[in-house]
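As a plain string of letters, each chain reads:
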Amino acid sequence: MNYNHRLHCSHPQHYLVRSQYSEKSGHVCNLCGGGFSGLIGYRCKACDFDIHEACADYFQPAINFFLHPCHSLALGRVADDNRFCDLCTEGCPRGSFVYRCVPCGFDVHPLCSTLQASARSPLHPLHELGLAPAASLLPGQFCLCSGCGELCSGWFYRCGACGVGLHVNCLNGARAKKRDGGGSQSNRGGGGSQSNSGRGGGGGGSQNPRVAGVGNTLLNVAVTAAVDAATSSLVSAVLDSVGGSDDAAE
(Lines give C-alpha, C1' and ligand atoms only; values in the text may rest on other atoms or scores of the structure.)
Protein backbone atom coordinates (compact mmCIF):
# COMPACT_ATOMS: atom_id res chain seq x y z
CA MET A 1 0.00 0.00 0.00
CA ASN A 2 1.27 3.47 -0.92
CA TYR A 3 1.03 5.67 2.17
CA ASN A 4 2.06 8.81 0.29
CA HIS A 5 -1.42 9.27 -1.10
CA ARG A 6 -4.84 7.82 -0.40
CA LEU A 7 -8.54 8.18 -1.02
CA HIS A 8 -10.83 8.98 1.88
CA CYS A 9 -14.61 8.90 2.20
CA SER A 10 -14.67 12.57 3.20
CA HIS A 11 -13.09 13.61 -0.11
CA PRO A 12 -13.57 10.78 -2.63
CA GLN A 13 -13.18 12.91 -5.77
CA HIS A 14 -9.38 13.26 -5.48
CA TYR A 15 -6.43 11.46 -3.98
CA LEU A 16 -5.07 13.08 -0.83
CA VAL A 17 -1.32 13.55 -0.58
CA ARG A 18 0.44 12.76 2.68
CA SER A 19 1.95 16.06 3.83
CA GLN A 20 4.16 17.44 6.57
CA TYR A 21 2.77 20.71 7.95
CA SER A 22 4.95 23.49 9.30
CA GLU A 23 4.96 24.61 12.91
CA LYS A 24 3.21 27.81 11.81
CA SER A 25 0.48 26.03 9.87
CA GLY A 26 -2.87 27.78 9.91
CA HIS A 27 -4.71 24.94 8.19
CA VAL A 28 -7.39 23.09 10.11
CA CYS A 29 -8.68 19.57 9.72
CA ASN A 30 -11.88 19.49 7.70
CA LEU A 31 -13.16 16.66 9.87
CA CYS A 32 -12.35 17.58 13.47
CA GLY A 33 -11.45 21.28 13.21
CA GLY A 34 -8.08 20.85 14.96
CA GLY A 35 -4.88 22.52 13.82
CA PHE A 36 -1.87 21.00 12.07
CA SER A 37 1.14 22.71 13.62
CA GLY A 38 4.10 20.39 12.95
CA LEU A 39 1.87 17.41 12.16
CA ILE A 40 1.43 15.01 9.29
CA GLY A 41 -1.87 14.95 7.43
CA TYR A 42 -3.44 14.37 4.05
CA ARG A 43 -4.09 17.26 1.69
CA CYS A 44 -5.85 17.96 -1.59
CA LYS A 45 -4.19 21.12 -2.83
CA ALA A 46 -6.68 21.64 -5.64
CA CYS A 47 -9.60 21.81 -3.18
CA ASP A 48 -7.69 23.18 -0.17
CA PHE A 49 -8.85 20.14 1.79
CA ASP A 50 -6.90 18.80 4.79
CA ILE A 51 -7.41 16.02 7.31
CA HIS A 52 -5.23 14.72 10.12
CA GLU A 53 -3.64 11.35 9.57
CA ALA A 54 -5.36 10.19 12.78
CA CYS A 55 -8.75 11.41 11.55
CA ALA A 56 -8.25 9.76 8.16
CA ASP A 57 -7.58 6.46 9.91
CA TYR A 58 -10.34 6.81 12.48
CA PHE A 59 -13.44 8.36 10.89
CA GLN A 60 -15.29 5.92 8.66
CA PRO A 61 -18.10 6.37 6.06
CA ALA A 62 -20.71 5.05 8.52
CA ILE A 63 -20.81 4.37 12.25
CA ASN A 64 -23.06 2.90 14.89
CA PHE A 65 -23.63 5.43 17.67
CA PHE A 66 -24.89 4.43 21.10
CA LEU A 67 -27.07 7.54 21.45
CA HIS A 68 -28.92 6.69 18.22
CA PRO A 69 -29.03 2.90 18.17
CA CYS A 70 -31.95 2.50 15.79
CA HIS A 71 -29.97 3.46 12.65
CA SER A 72 -26.38 3.83 11.54
CA LEU A 73 -25.04 7.32 10.84
CA ALA A 74 -23.44 8.31 7.54
CA LEU A 75 -20.64 10.84 7.17
CA GLY A 76 -21.51 13.73 4.88
CA ARG A 77 -21.40 17.47 4.38
CA VAL A 78 -24.12 19.80 5.60
CA ALA A 79 -26.01 21.16 2.62
CA ASP A 80 -27.82 23.97 4.46
CA ASP A 81 -27.36 26.29 7.43
CA ASN A 82 -29.91 25.06 9.92
CA ARG A 83 -28.28 21.92 11.34
CA PHE A 84 -27.35 21.51 14.98
CA CYS A 85 -25.46 18.71 16.67
CA ASP A 86 -27.95 16.70 18.71
CA LEU A 87 -25.28 16.03 21.33
CA CYS A 88 -23.52 19.35 22.02
CA THR A 89 -26.25 21.61 20.49
CA GLU A 90 -23.66 23.71 18.61
CA GLY A 91 -24.32 24.58 14.99
CA CYS A 92 -23.17 22.52 12.03
CA PRO A 93 -22.27 25.16 9.40
CA ARG A 94 -22.92 24.63 5.73
CA GLY A 95 -20.14 22.57 4.19
CA SER A 96 -18.96 21.08 7.48
CA PHE A 97 -19.02 17.35 8.14
CA VAL A 98 -21.55 15.58 10.33
CA TYR A 99 -22.62 12.03 10.98
CA ARG A 100 -26.28 12.00 10.03
CA CYS A 101 -29.32 9.76 10.16
CA VAL A 102 -31.44 11.00 7.28
CA PRO A 103 -34.72 9.26 8.28
CA CYS A 104 -34.59 10.71 11.81
CA GLY A 105 -32.88 14.04 11.10
CA PHE A 106 -30.26 13.18 13.74
CA ASP A 107 -26.89 14.95 13.40
CA VAL A 108 -23.70 14.70 15.40
CA HIS A 109 -20.28 16.31 14.90
CA PRO A 110 -17.53 13.79 14.09
CA LEU A 111 -15.76 14.69 17.34
CA CYS A 112 -18.96 14.37 19.34
CA SER A 113 -19.42 10.88 17.93
CA THR A 114 -16.26 9.82 19.79
CA LEU A 115 -17.65 10.65 23.23
CA GLN A 116 -18.02 7.72 25.57
CA ALA A 117 -21.16 6.78 27.50
CA SER A 118 -19.27 7.21 30.78
CA ALA A 119 -16.18 9.11 31.89
CA ARG A 120 -14.11 10.08 34.92
CA SER A 121 -13.49 13.64 36.01
CA PRO A 122 -10.96 15.17 38.45
CA LEU A 123 -13.78 17.47 39.56
CA HIS A 124 -15.73 14.47 40.88
CA PRO A 125 -13.25 11.61 41.38
CA LEU A 126 -15.49 9.55 43.65
CA HIS A 127 -17.75 8.16 40.94
CA GLU A 128 -17.94 7.58 37.22
CA LEU A 129 -20.18 10.02 35.35
CA GLY A 130 -22.66 8.98 32.70
CA LEU A 131 -23.70 10.94 29.63
CA ALA A 132 -27.31 12.10 30.07
CA PRO A 133 -29.69 14.53 28.36
CA ALA A 134 -31.04 17.54 30.23
CA ALA A 135 -34.44 16.34 29.01
CA SER A 136 -34.10 13.34 31.35
CA LEU A 137 -34.46 15.60 34.41
CA LEU A 138 -37.89 15.69 36.03
CA PRO A 139 -40.17 18.63 35.18
CA GLY A 140 -39.17 21.67 37.19
CA GLN A 141 -35.67 20.34 37.88
CA PHE A 142 -32.36 21.69 36.62
CA CYS A 143 -28.70 20.87 37.11
CA LEU A 144 -25.83 23.31 37.49
CA CYS A 145 -22.40 22.37 36.19
CA SER A 146 -19.88 21.80 38.98
CA GLY A 147 -17.11 23.17 36.76
CA CYS A 148 -18.50 26.54 35.68
CA GLY A 149 -21.74 26.95 37.63
CA GLU A 150 -23.85 27.38 34.51
CA LEU A 151 -27.00 25.50 33.64
CA CYS A 152 -26.50 22.09 32.07
CA SER A 153 -28.34 21.82 28.77
CA GLY A 154 -28.22 19.42 25.88
CA TRP A 155 -26.24 16.33 26.89
CA PHE A 156 -23.93 16.47 29.89
CA TYR A 157 -22.08 14.11 32.21
CA ARG A 158 -23.90 13.35 35.45
CA CYS A 159 -23.31 11.28 38.57
CA GLY A 160 -26.48 9.37 39.29
CA ALA A 161 -25.51 8.83 42.92
CA CYS A 162 -24.65 12.44 43.80
CA GLY A 163 -26.52 14.51 41.24
CA VAL A 164 -23.26 16.20 40.18
CA GLY A 165 -23.37 17.49 36.61
CA LEU A 166 -20.57 18.59 34.28
CA HIS A 167 -20.66 20.02 30.80
CA VAL A 168 -18.71 18.01 28.26
CA ASN A 169 -16.24 20.88 28.02
CA CYS A 170 -15.90 21.13 31.81
CA LEU A 171 -15.21 17.44 32.38
CA ASN A 172 -11.48 17.97 32.77
CA GLY A 173 -11.85 21.24 34.65
CA ALA A 174 -11.42 23.40 31.57
CA ARG A 175 -13.81 26.09 32.78
CA ALA A 176 -13.64 25.57 36.55
CA LYS A 177 -12.06 29.00 37.21
CA LYS A 178 -15.04 30.84 35.73
CA ARG A 179 -16.98 30.38 38.94
CA ASP A 180 -14.60 32.62 40.94
CA GLY A 181 -16.47 35.59 42.37
CA GLY A 182 -19.48 34.86 40.24
CA GLY A 183 -21.86 34.21 43.08
CA SER A 184 -24.18 32.35 40.74
CA GLN A 185 -23.64 28.94 42.30
CA SER A 186 -26.75 27.48 43.86
CA ASN A 187 -25.13 24.19 44.79
CA ARG A 188 -25.85 22.52 48.10
CA GLY A 189 -22.55 22.23 49.96
CA GLY A 190 -19.03 21.84 48.72
CA GLY A 191 -19.49 19.02 46.23
CA GLY A 192 -21.22 19.32 42.94
CA SER A 193 -24.36 20.72 41.52
CA GLN A 194 -27.52 19.12 42.67
CA SER A 195 -30.63 18.71 40.60
CA ASN A 196 -32.93 21.14 42.37
CA SER A 197 -36.44 22.40 41.82
CA GLY A 198 -36.52 25.76 40.13
CA ARG A 199 -36.65 27.62 36.87
CA GLY A 200 -32.93 28.02 36.23
CA GLY A 201 -33.35 31.76 35.88
CA GLY A 202 -33.16 32.77 39.49
CA GLY A 203 -29.39 32.37 39.74
CA GLY A 204 -28.57 34.80 36.96
CA GLY A 205 -30.26 32.98 34.09
CA SER A 206 -26.99 32.03 32.42
CA GLN A 207 -28.05 29.52 29.81
CA ASN A 208 -24.98 27.69 28.54
CA PRO A 209 -24.48 28.52 24.81
CA ARG A 210 -21.87 25.75 24.39
CA VAL A 211 -18.67 27.73 24.13
CA ALA A 212 -16.35 27.41 21.19
CA GLY A 213 -13.79 25.57 23.33
CA VAL A 214 -15.85 22.38 23.24
CA GLY A 215 -13.64 21.05 20.45
CA ASN A 216 -10.55 21.10 22.65
CA THR A 217 -12.27 19.22 25.42
CA LEU A 218 -13.84 16.69 23.10
CA LEU A 219 -10.37 15.96 21.80
CA ASN A 220 -9.08 15.53 25.34
CA VAL A 221 -11.98 13.42 26.57
CA ALA A 222 -12.77 11.31 23.57
CA VAL A 223 -10.22 11.23 20.79
CA THR A 224 -7.33 10.46 23.12
CA ALA A 225 -9.09 7.37 24.41
CA ALA A 226 -10.52 6.28 21.08
CA VAL A 227 -7.58 6.86 18.76
CA ASP A 228 -4.42 6.55 20.87
CA ALA A 229 -4.29 2.79 20.53
CA ALA A 230 -3.93 3.10 16.77
CA THR A 231 -1.97 6.32 16.47
CA SER A 232 0.10 6.50 19.68
CA SER A 233 1.71 9.90 20.05
CA LEU A 234 -0.08 11.61 17.16
CA VAL A 235 -3.20 12.38 19.19
CA SER A 236 -1.17 14.27 21.77
CA ALA A 237 0.28 16.34 18.99
CA VAL A 238 -3.19 17.04 17.62
CA LEU A 239 -4.30 18.22 21.05
CA ASP A 240 -1.36 20.62 21.26
CA SER A 241 -1.97 21.96 17.76
CA VAL A 242 -5.62 22.99 17.91
CA GLY A 243 -5.81 26.60 16.86
CA GLY A 244 -2.45 26.78 15.05
CA SER A 245 -1.72 29.92 13.04
CA ASP A 246 -0.38 31.09 9.65
CA ASP A 247 0.68 28.92 6.71
CA ALA A 248 1.09 25.19 6.33
CA ALA A 249 3.87 23.55 4.36
CA GLU A 250 3.22 20.26 2.70
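The numbering scheme is per chain: residues are counted from 1 as the chain's sequence reads. Note on the predicted model: pLDDT of at least 70 is required for a residue's local features to be given, and 80 or more for side-chain atom pairs to be given and counted; whole-chain, interface and lining totals, by contrast, use all residues. Computation of side-chain values covers all heavy atoms of the structure but excludes hydrogens and water.

What follows is about the sheet that holds strand β14 (residues 155-158). In short, DSSP must find at least two bridges between two strands for them to pair. By the criteria applied, helices consist of DSSP H or I runs no shorter than four residues and strands consist of E runs no shorter than two, each listed in order from the N terminus. Strand order across the open sheet formed by 4 strands is β11-β12-β14-β15, with antiparallel pairing between neighbours. Each end of this open sheet is capped by a strand with a single partner; those strands are β11 (118-119) and β15 (165-166). Note that β14 and β15 share 2 bridges and pair antiparallel. Across the sheet, residue R158 finds its bridge partner in β15, namely G165.

pLDDT measures the predictor's confidence residue by residue and takes values from 0 up to 100. Per-residue pLDDT for the chain has a mean of 73; in total, 68% of the residues score no lower than 70. Contact between two residues is taken to exist if any of their heavy atoms lie within 4.5 Å; hydrogens are not considered. Taken together, the stretch residues 176-250 has pLDDT below 50 and engages in 152 contacts with residues farther than four places along the chain or on a different chain.

Between 30 and 60 degrees the pair is tilted, below 30 it is stacked and above 60 it is edge-to-face, where a pair is any two Phe, Tyr or Trp rings, Trp via its six-membered ring, whose centres lie within 6.5 Å. The full count for this structure, using the stated rule, is 6 aromatic pairs. Ring centres of F49 and F97 lie 6.2 Å apart, and the angle between their planes is 75°; on these two criteria the pair is classed as edge-to-face. Of this pair, F49 sits in strand β4 (residues 49-52) while F97 sits in strand β9 (residues 97-101), and the two are 48 residues apart along the sequence. Summarising the burial analysis for this pair, F49 and F97 share the class buried. Plain terms: the ring middles of F65 and F106 are 6.4 Å apart, the flat faces sit at 45° to each other, and that makes the pair tilted. Here F65 is found in the loop between β5 (62-63) and β6 (73-77), whereas its partner F106 is found in strand β10 (residues 106-108), with 41 residues between them in sequence. With respect to class, F65 is no different from F106; both count as buried. Taken together, the ring pairs connect Y58, F59 and Y99 into an aromatic cluster. A ring is considered to have a charge above it if a Lys NZ or an Arg CZ atom is located within 6 Å of its centre and within 35 degrees of its normal. Taking NZ or CZ as reference, R6 lies 5.2 Å from the ring centre of Y42, over its face. With a 1.4 Å probe rolled over the protein chains alone, any residue whose accessible area is under 20% of its type maximum counts as buried; one over 50% counts as exposed, and the rest are partly exposed.

Grouped together as the largest cluster of nonpolar side chains are 48 residues, with contacts concentrated most on L31, I51, F65, L73, L87, V108 and Y157. Where this core is concerned, the elements lending two or more residues are β3 (40-44), β4, α1 (53-58), β6, β9, β10, β12 (129-133) and β14. If one sorts the elements of this core by residue count, β9 sits on top with 4 residues. If we skip the residues at most four places from it in the chain, L87 touches F65, L67, V108, C112, L115, L131, G154 and W155. Nine residue types can take part in a nonpolar core, namely buried Ala, Val, Leu, Ile, Met, Phe, Trp, Tyr and Cys, and a core is a set of them joined through side-chain atoms within 4.5 Å.

This brings us to unusual backbone geometry. One non-glycine residue, D48, adopts positive backbone phi at about 50°. Along the chain, the position of D48 falls in the loop between β3 and β4.

Two side chains with opposite charge may pair up if their charged atoms get near one another. Take a side-chain nitrogen of Lys or Arg and a carboxyl oxygen of Asp or Glu: if they are within 4 Å of each other, that pair is a salt bridge. Scanning the entire structure with this criterion turns up 6 salt bridges. With a closest N to O distance of 2.9 Å, D48 and R43 form a salt bridge. With a relative accessible area of 47%, D48 lands in the partly exposed category. Classification of R43 by relative accessible area gives buried; the value is 9%.

The next subject is the pairing of β6. Alignment of β5 against β6, held across 2 bridges, turns out to be antiparallel. Bridged to A62 within β6 is A74. Across 4 bridges, the pairing between β6 and β9 is antiparallel. Its bridge partner being in β9, L75 is matched across the sheet by Y99.

Quick look at the sheet that holds strand β1 (residues 5-8) now. Taking strand neighbours across the sheet as the criterion, the 4 strands line up as β1-β2-β3-β4 in an open arrangement whose pairing is antiparallel. The sheet is open, and its two borders are formed by β1 and β4, each paired with just one other strand. In this sheet, neighbouring strand axes are inclined to one another by 35° on average, regardless of whether the strands run parallel or antiparallel. Relative to strand β2 (residues 11-20), β1 runs antiparallel, the two being bridged by 3 bridges. Interaxial angle, 0 to 180 degrees, is taken between N-to-C directions of lines fitted to C-alpha atoms, where a helix line uses only the stretch in contact.

Its place among the elements puts L39 in the loop between β2 and β3. Residue L39 is classed as buried on the basis of its relative accessible area, which comes to 5%. For the pair formed by L39 and Q20, sequence separation is 19 residues and the distance between their alpha carbons is 6.0 Å.

Its place among the elements puts R77 in strand β6. Under the relative-accessibility criterion, R77 is labelled partly exposed at 44%. Spatially, the C-alpha atom of R77 lies 5.3 Å from that of G95, the residues being 18 residues apart in sequence. If near-sequence neighbours (up to four positions away) are discounted, R77 is found in contact with N30, F49, G95, S96 and F97. Among the polar contacts made by the side chain of R77, one reaches the main-chain carbonyl oxygen of G95 at a distance of 2.4 Å. In the analysis that follows, any N or O atom pair within 3.5 Å is treated as a polar contact, provided that within protein one partner can donate a hydrogen and the other can accept it, and provided that, for residues neighboring in sequence, both atoms belong to side chains.

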